[in-house]
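Fold and contact review
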Amino acid sequence: MIEPIFLLEAVINGILLGGVLALLALGLNLIFGVIDIVWIAYVDLVALCMYGVYFLVTLYGFPLWLAGIASIGLGALLGLAVHQLIITPILASPPINQLLATGGLLFFIQSFATLLWSTDHRSVRVTLPTIELGGIFISFTRLIAFVLAILAMIALYFFLTRTFTGTAIRAVSQDREAIALMGARPQRLYLVTSAVGGAMAGVAGALLIMQYAVHPYFGGAFGPLTFMICVLGGLGNMVGAFFAAFIMAQVISLGGVLVSTEMGYVIAFVIFIVLIFVRPGGIFARRA
Amino acid sequence: MGRRAVWSVVLLAVALVPALPLGVAQEYIWHVVIQIFLWSFVGNAWALMGRFGLVSLGHGAFLGVGAYATVLLWNFFGLTPWAGAAIAVLLTVLLALVVAYPCSRFQVVGHYFGLVTLAVGEVIRLLIVAERDWTGGSLGVSLKTAGTASGLWTLQFADKRVYYYIGMAVWLFGLWVWWRVDRSMTRAAMEAIGEDETAAASVGIHITRFKMGITALSAALTALGGALLALYVAYANPDTLAGIGVSLRIVFAVVLGGMYSLLGPSVGTALTIALSEYLRIYFGIKLIGIAETIYGLTLILFIIFLPSGIWGSLTGAWRRRAAAGPSRPAAA
């Protein structure tokens, strides 16, 4: 029998993981909700941003916070590039081709990263103390990442609700024909969305490199999970994705402690499959 | 020469390849062609679903169950691959039905279907990795050699040419199944379902039955392909025979060739394998990753510029020309 204290620790770690997963899912979901294309390679863009931070810190001696800010810019640029070079030409293609084009990008990024930087695992060592709270150990690094992720999501929330561009972006996701009639240009909004989604990838990259080592196949570890969270929350539904991220993180964290790491993921995916059957529009969908 | 004659000549030529004196490269050329046969067969099986809008991103799961069940039954119980593959196919069909039934009952289609199947693929891959005592985990598992017992009973052969003909037979069998489906009522029903489920149901098409049938067929063929691939290389690995990577590779090859034509999946598979083999040999171990980089880039470019696939575009253009030909003025 596992002592309750370990379970509590797993729950807290799950919450901390949930913050970062939510950030990943929100970026992907924003793009999906507006442009209606799933970027299969989204987490690979995050991995590129992680490489960016790694090299800025280790090679050019940037302080971590500055490298993190640069990572946001890098993410936004990558988002723009992906949209302009790959998404724009296939906007009118059948969904499977759109899916596969970003899937091709996934192969490209993974192997290009192998070519340039080999398969070495690289991490930015952040040596921060571990906090002890009544016998529970919490990594301070993870706590900081969690807080920053929450802050980034609040910023995204204000951008989407309080600015004109943000409101227009939400409008596109509701009705892409009507928005053109209202005088807004969907093409420009797509670009902004891709940049914002990319910037979220940049934030996520900066937060993830504090906790995990990056390698060319990093996207494979978090990619499928990120899609699951988006679908579970409802594709395009930001609030749903936020809560779904925490549910999945709990399942993985608790499953990892109770059974094994792989089984934690297996249970999470099985729960995902079952939930999709029960609630195809996501767990927070209103019944039609 | 009629079409039939042309194809007979082509087939005869392919069948005679092992008899050609290809010198030191012959073993390698056979190996590449065997890979093309078996992966084309798998691609064909995928296209049975894909062409009707059931875009599965989890065929790695079927491939993995087929391969691992066959290998493990032989390794641990000494069961002949004939029975092992049969059990593997049955297991896979069971898995496919467990997934397909709720998918069609609850109308999980489009993106959602793709992502559900992707999750199934990951579940199988992670289970293979997690059960490492049995499966060797992420290191993979080697097929126990049959030693002196190699032959038809164990499906292990010292001579590669046997697998060449097994591969060719299986490939032709896959094409035959595709052709039968193409001529059947199932095709009409599935196309109607792909267009509009509600309308299809209203004219009396039993949606769940057709969807489950085509999924089971596709899964069974994929499992057989997985079993043969594992038997041929005498090795199974969760990354090469299960999971998201291989699932995407299957889809790529098919879409690249064109999933709506009989030979599309084979053309796509042959090209992707030929391309990756060529790049691998050309660059060798000089620049690790460059072959895959070019591969990924080519895929993106093809999908942007040739959306209906290579074979699909070629036959489409040929048909348009044939249709426009006679009416065209001679001066043009």
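Everything below is about the structure printed above this text.
These lines cover the structure that appears in this document, whether it is placed above or below. Predicted model, so just to flag it, every value in this text is computed and none were measured. (Residues numbered from 1 in each chain as written. Chains lettered and ligands numbered in written order. Predicted model: local features only at pLDDT ≥ 70, side-chain atom pairs only at ≥ 80, totals over all residues. Heavy atoms only, no water.)

This part is about a nonpolar patch on the surface. On the surface, A:Val147, A:Leu148, A:Leu151, A:Ile154, A:Tyr157 and A:Phe158 cluster together into a nonpolar patch covering about 550 Å² of accessible area. The topology assignment puts A:Tyr157 in helix α5 (residues 140-162). (Patch = residues over 30% accessible without salt bridge, like charges linked within 9 Å, V, L, I, M, F, W, Y side chains within 5 Å. Areas by Shrake-Rupley, 256 points an atom, 1.4 Å probe, with all protein chains shown as cover. Salt bridge = Lys/Arg side-chain N within 4 Å of Asp/Glu carboxyl O. Helix = DSSP H or I, 4+ residues; strand = E, 2+ residues; numbered from the N terminus.)

Each aromatic ring pair is described using two quantities: the centre-to-centre distance and the angle formed by the ring planes. Within the structure shown, the criterion is met by 23 aromatic pairs over all chains. Summarising the aromatic geometry, the rings of A:Phe107 and B:Phe252 are spaced 5.5 Å apart at their centres and angled 50° between planes, so their arrangement reads as tilted. Taken together, the residues A:Phe107 in helix α4 (residues 95-117) and B:Phe252 in helix α12 (residues 244-257) connect one chain to another. Across the pair, exposure class does not vary: A:Phe107 and B:Phe252 are buried alike. Centroid distance B:Tyr163 to B:Tyr232: 5.4 Å. Interplanar angle 50°. Geometry classified as tilted. Of this pair, B:Tyr163 sits in helix α7 (residues 160-182) while B:Tyr232 sits in helix α10 (residues 207-233); the two residues are 69 residues apart in sequence, bridging distant segments of the chain. Taken individually, B:Tyr163 and B:Tyr232 each receive the classification buried, so the pair is uniform in this respect. (Phe/Tyr/Trp six-rings, centres within 6.5 Å; stacked < 30°, edge-to-face > 60°. Buried < 20%, exposed > 50% of the residue type's maximum accessible area, 1.4 Å probe, protein only.)

This next bit is on the pattern of salt bridges. Residues and elements named next belong to chain B. Summed over the entire model, instances satisfying the criterion amount to 10 salt bridges over all chains. For Lys160, the salt bridge is made with Glu27, and the minimal N-O distance between the two is 3.9 Å. Of this pair, Lys160 sits in helix α7 while Glu27 sits in helix α2 (residues 26-50), and the two are 133 residues apart along the sequence. Assessed through its relative accessible area of 41%, Glu27 is described here as partly exposed. Linking Lys211 and Glu197 is a salt bridge whose minimum nitrogen-to-oxygen distance equals 2.5 Å.

With that settled, the discussion passes to the interface of chain B and chain A. Many analyses report the size of an interface as the accessible area lost when the parts associate. With 43 residues of chain B at the contact, the number on the chain A side is 38 residues. Across the chain B/chain A interface, buried area totals approximately 3,600 Å², and carbon plus sulfur atoms make up 84% of it. Taken as a group, B:His111, B:Tyr112 and B:Leu115 account for 18% of the area that chain B buries against chain A, more than any other trio of residues on that side. Summed over the shared surface of chain B and chain A, the number is 1 salt bridge. Linking B:Arg132 and A:Glu262 is a salt bridge whose minimum nitrogen-to-oxygen distance equals 2.8 Å. Across the contact surface, chain B and chain A share 3 residue pairs in polar contact (both at pLDDT 80 or more). Residue assignment for the side of chain B that touches chain A shows that the elements contributing at least two residues are α4 (81-105), α5 (111-130), α12 and α14 (290-305) of chain B. Here the side of chain B that touches chain A is composed, by residue class, of 34 nonpolar, 5 polar and 4 charged. (Contact = heavy atoms within 4.5 Å. Buried area = accessible area lost by both parts, 1.4 Å probe. Polar contact = N/O pair within 3.5 Å; in protein donor to acceptor, adjacent residues only side chain to side chain. Nonpolar A, V, L, I, M, F, W, Y, C, P; charged D, E, K, R; others polar.)

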